[in-house]
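# Chains, contacts and geometry: an overview
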Amino acid sequence: MKKSMNGMWKIVHIPDKPPIPPNQQPTVNVLASIIDPKHANTLIRRLNQIAPLKNACHVKRIQKKHLEGGKTQLSVILCLASEDNSLLNSLPQDVQELSNSYQLSPFVTKVCKYAATSKEEWEEQCKLWPTSYHPPTYNIDGITGFSEEDSLSVLSFMKVAIELAKSGDGLIVNAAVIVDPSVQQIITNGCDQIFSWHAPMNKTCIRNDCIEQSTNLDSHQSNGVVSPVTEVLPNASPSEPESLSCAVSCLNPWKWSEQRSDMANSYYWHPLRHAAVVAIESSADRDRRLFPGLGDAEEKSFETSQSSHIVSMVKRQKTNVANVEKKEVDPPNMPSNSVPERPYLCTGCDIYLVWEPCIMCAMALVHQRIRRIFYAFPNPNTGALGSLHRLQGEKSLNHHYAVFRICVPDEVLDIAGNRKSC
Amino acid sequence: MDSHVEEGCSSETLTFMELAIEQAKDALNSLEVPVGCVIAEGGKVIASGRNRTTETRNATRHAEMEAIDALLEQWQKSGLSVSEVAEKFSTCSLYVTCEPCIMCAAALSILGIKEVYYGCANDKFGGCGSILSLHSSTSKLRNSGNIAQRKDFKCTGGIMALEAVSLLRRFYEQGNPNGMNSIAQLQPYMMHRGT
C-alpha cells in the first residue's frame, strides 16, 4: 500500500450509545421556580437535602438568565415532576412547605434526561436548562482524537491486519492483530480458522503446537512484504476459490454448517475459530511461553502488580513507527535473573480486526481485557460493536474497551484484480 | 423466554446437573472459577468441561468451550462430516452450572445446540436472558437473505442454583488467585431471578 493512501484513511470513535441528534435528546419535566438571589445558597442546600435530583445528577440545580438591562434572574429546580405531568399538586410536602415559606411560584420546565456524551449534546442541553458535562470517565487514548504520530501507527497496524486477511489461498478472511501500543509491538495475530489448512488444533498439545503455529505466522508476516497474492494457485486451495472468495466468519457465523463436507475431510475445522478467538488463544500461548511455570502463590500477586506494570509500560519510551512491523520480540532487556512482570491477560493491548466482530468475538475480547478495538469494515447484520449490538455500551460488563472504525478505501481488499464480494 | 423450574424437572435433568456440579468442583479444586458443564445426547453424557481460564491464561476458556472443543475433536476423529456434526449438535443438550455468558450463548447459537439447562443466572454477563437473549430469535437479528438461518435453543434456568452459587461463594471467599477478590464480584452469580 502506498503512503499517499493515508490521506483517505480516517479513524472514527464508535461511542457507547447510538448517536442521537443533539437537538432530539430525551427530556424530563421538572418543577422550578424563580428565586430571590439572596436566598439562593440556603434554598439549594435545603433542596439538595429534601429533594435530591436522583438519576439526574448531570442537571444543575440552578439556572442563571441574563435579562435585558444587565439584570440576572435565578431559577432553581424544586424537584422532578411526576410522570403524569399533573402540575403543582405533585410537590412533596416538605418542598411545598419550603416553596410556601419563600413565596415561590413553581412552574414546569424540561431538562435533558441523560448526561451529555459529547460537547455538541451538552451545548444543546444547556439551551433547555444547564447541565454538567464530563468527557468519558474512562480515560482511553484516542477517544478525544489521535495525534499525527498515533494515527500513523494505528493505520500501519490496520494495514498489517488487512494484508493478513488477504494472505489465505485466494480467500479473504477476517484477521486480527493484537498490539501492545506502549511499545508499538505486535504481540500476536490470527485469522479465521473455521476451515483450517493450518496444523490441527489439539487441546492436549496446545503448549507446543500452537506456539509453533503462531511463530510461523509471525515470521511470515514480519517479512514486511505483501504476500505475492497474484501468484496464488487456485488449485492449491482446498476448495474452489470462487465459492469461498469471502469467508469472513463474523459476517455470518451460522454459515459453517452449510459448507460442503468434502472439503473438510482432510482438514481440521472448527465453527468457532474466528480470527479474534484465534488471536486471543495465541496471545495466551505467548503469555505462557514468556512467563512459564508460575505457581499459585505467585499468581496471587498478579493483580496487585498490574497497575505498576502498566505505569512502567507507559513510561517506556515509544519506539519508532518504523519498528511497527518488526517481529515480536521478547520482553525488553530482561535480565535473566529477574522475573518480569506478567501482564494480566491483554490489559493495555489493542486489537485490529478487518471486520467488525460478531457478538461471540466481541465478548471474548471483553473477557480478555482488550483496551481498544479498531476495525475497518462494519458488519451490518451481525456486528456487535455498533451494527447489531453495541457491547461497548453494556454497562453491566466488568470491562469496557473503546471502539474505533478505521474508514479505508474498499480497494484495499483487492486481490489480483478481483474485487471482494462480501 | 426462558423459564425457571426446580421442582418438576426430570430426574435426568437433575442427574446431569449434578455431573456439571462435579465439574465445577473440579474447577474449584484447581483454583478456577467453579463453573462446570456436561453435554448430553440421547440420555448419555458425551462431553464435559470446566473453567480453565487461569491455567490457560485465556479468559475465554469457559466450561462450555472446553466441552464443545472436546466434542468437535471427538466427532472429527471419528470421521463425521460438517453436516453430520451440525446435525449432531441439534440433538445435544447442555447442562451448565451458571447461565452461559454472552460469548458462550453466541457460540451455542452458532453451533445450533438443541437446549440449555443452567443453574444460577449471570446478571453481569448472561447471554440467555440476563443481559442479552441470544438463545431467542425474538431478540434483535437483522433480516437478510444472506444470513444462514439461525436456530433458537430452549433455555431453562434455576436448576440446582443454590449448589452452583455456593461453589462460587466458596471460591470468592477463599480469594480468586486471578484478581477478583471482592465479594461484590460474586453478585452476578448470586442474584438469580425467580428465587
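A few points on the structure. Because the structure is a prediction, the values reported are computed rather than measured. Starting from 1, residues in each chain are numbered consecutively following that chain's sequence as written. Chains carry letters and ligands carry numbers; both start at the beginning, A for chains and 1 for ligands, and go up in the order they are written. pLDDT decides what is reported in this predicted model: residues at 70 or higher carry local features, side-chain atom pairs at 80 or more are listed and counted, and totals for whole chains, interfaces and linings draw on all residues regardless.

### Regarding the overall build of chain B
For helices the rule is a DSSP run of H or I covering at least 4 residues; for strands it is a run of E covering at least 2, with both sets numbered from the N terminus onward. The secondary structure content of chain B amounts to seven helices and six strands. Counting from the amino terminus, helix and strand elements in chain B follow one another as β-α-β-β-α-α-α-β-α-β-β-α-α. Partly exposed residues are those whose C-beta has more than 12 but fewer than 20 other C-beta atoms within 10 Å; with 20 or more the residue is buried, with 12 or fewer it is exposed, and the C-beta atoms are placed from the backbone. The buried share among the 195 residues of chain B stands at 52%.

### Comments concerning the overall build of chain A
For chain A, the helix and strand inventory stands at nine helices and 10 strands. Residues counted as buried form 37% of the 422 residues belonging to chain A. In this description, any two residues whose backbone-derived C-beta atoms lie within 7 Å of each other are considered to be in contact. Across chain A, every contact between residues at least 6 apart in sequence was considered, and the portion connecting residues at least 24 apart equals 74%.

### Details of helix 6 (residues 275-290) of chain A
By this rule, a helix spans an expected 1.5 Å times one less than how many residues it contains. Across its 16 residues, helix 6 of chain A extends 22 Å between first and last C-alpha, which sits within 8% of the 22 Å expected from 1.5 Å per residue. For helix 6 of chain A, the tally of buried residues reaches 13 of 16 residues, placing the bulk of the element in the interior.

### Examining the pairing of strand 3 (residues 62-66) of chain A
Residue and element names in this part refer to chain A. Counted residue by residue, strand 3 has zero buried out of five residues, so it is predominantly exposed. Sheet topology places strand 3 next to strand 4 (residues 72-80); five bridges connect them, and they run antiparallel. Considered in strand 4, the bridge of His66 is made with Thr72. A pair of strands is considered paired only if DSSP assigns at least 2 bridges between the two.

### A closer look at the environment of A:Ile162
Residues and elements named next belong to chain A. Topologically, Ile162 is positioned in helix 4 (residues 148-165). A C-alpha to C-alpha distance of 61 Å links Ile162 and Pro106, two positions 56 residues apart in sequence. The residues touching Ile162, leaving out its near neighbours within four places in the chain, are Val354, Ala376 and Val412.

### So, the sheet that holds strand 5 (residues 107-112) of chain A
Residues and elements named next belong to chain A. Spatial ordering of the open sheet is given by 3-4-2-5, a layout of four strands whose pairing is antiparallel. A single partner strand is all that each edge strand has here, and the edge strands are strand 3 and strand 5. Neighbouring strand axes in the sheet, compared pairwise and without regard to direction, differ in orientation by 40° on average. Bridge count between strand 2 (residues 27-35) and strand 5: six bridges; the pairing is antiparallel. Within the sheet, the bridge partner assigned to Val30 lies in strand 5 and is Thr109. To get an axis, a line is fitted to the C-alpha atoms, and for a helix only the part in contact is used. The angle between two axes follows their N-to-C directions and goes from 0 to 180 degrees.

### Points about the packing of helix 6 of chain A against helix 9 (residues 359-367) of chain A
Residues and elements named next belong to chain A. Remark: helix 6 packs on helix 9, axes separated minimally by 8 Å, with the N-to-C direction vectors making an angle of 25°. Of the possible angle classes, the one that applies to helix 6 and helix 9 is roughly parallel. Considering only the axes of helix 6 and helix 9, their crossing is left-handed. Seen from helix 6, the contacting residues are Ala276, Val277 and Ile280; seen from helix 9, they are Cys361, Ala364 and Leu365. Note on residue categories: nonpolar means Ala, Val, Leu, Ile, Met, Phe, Trp, Tyr, Cys or Pro, charged means Asp, Glu, Lys or Arg, and polar means any other residue, Gly included. Of the residues assigned to the contact of helix 6 with helix 9, the class counts are six nonpolar, no polar and no charged. What sets the label is the angle itself: under 35 degrees gives roughly parallel, over 145 gives roughly antiparallel, 65 to 115 gives roughly perpendicular, and the rest give oblique. Helix crossings are classified by the rotation of the near helix relative to the far one: an anticlockwise turn of less than a right angle makes the crossing left-handed, while a clockwise turn makes it right-handed.

### Thoughts on the pairing of strand 8 (residues 350-355) of chain A
Residues and elements named next belong to chain A. The buried fraction of strand 8 amounts to six of the six residues, a majority that puts the element mostly inside the structure. Note: strand 6 (residues 175-180) against strand 8, four bridges, orientation antiparallel. Pairing of Ala176 across the sheet is with Leu353, part of strand 8. As paired strands, strand 8 and strand 9 (residues 372-377) are joined by five bridges and run parallel to one another.

### Quick notes on the nonpolar core
All names here are of chain A. Joining buried Ala, Val, Leu, Ile, Met, Phe, Trp, Tyr and Cys residues through C-beta atoms within 7 Å gives a set, and that set is a nonpolar core. The biggest cluster of nonpolar side chains holds 134 residues, and the ones touching the most others in it are Ala161 and Val177. In this structure Ala161 touches Ala175, Ala176, Val177, Tyr352, Leu353 and Val354, once residues within four positions along its chain are discounted. The next biggest cluster of nonpolar side chains, apart from the first, holds 18 residues, and it includes Ala32, Val59, Cys79 and Trp129.

### A short note on the sheet that holds strand 10 (residues 402-407) of chain A
All names here are of chain A. Ordered in space as 1-10-9-8-6-7, the six strands form an open sheet in which the pairing is mixed. Each having just a single partner strand, strand 1 (10-14) and strand 7 (185-191) make up the two edges of the open sheet. Pairs of neighbouring strands in the sheet enclose a mean axial angle of 20°, with direction left out of account. Running over the sheet, helix 4 touches strand 1, strand 6, strand 7, strand 8, strand 9 and strand 10 and is turned about 145° from strand 6. Each of strand 6, strand 7 and strand 8 touches helix 6; the most contacted strand, strand 7, lies at about 135° to it.

### Here's the deal with the environment of A:Tyr133
Residues and elements named next belong to chain A. In this structure, Tyr133 sits in the loop between helix 3 (119-128) and helix 4. By C-beta crowding, Tyr133 is classed as partly exposed, having 16 other C-beta atoms within 10 Å. The spatial distance from the C-alpha of Tyr133 to the C-alpha of Ser118 is 7.9 Å, given a sequence separation of 15 residues. Not counting residues within four places of it along the chain, the set of residues in contact with Tyr133 comprises Ala116, Lys119 and Trp122.

Just distances and angles here, no functional claims.
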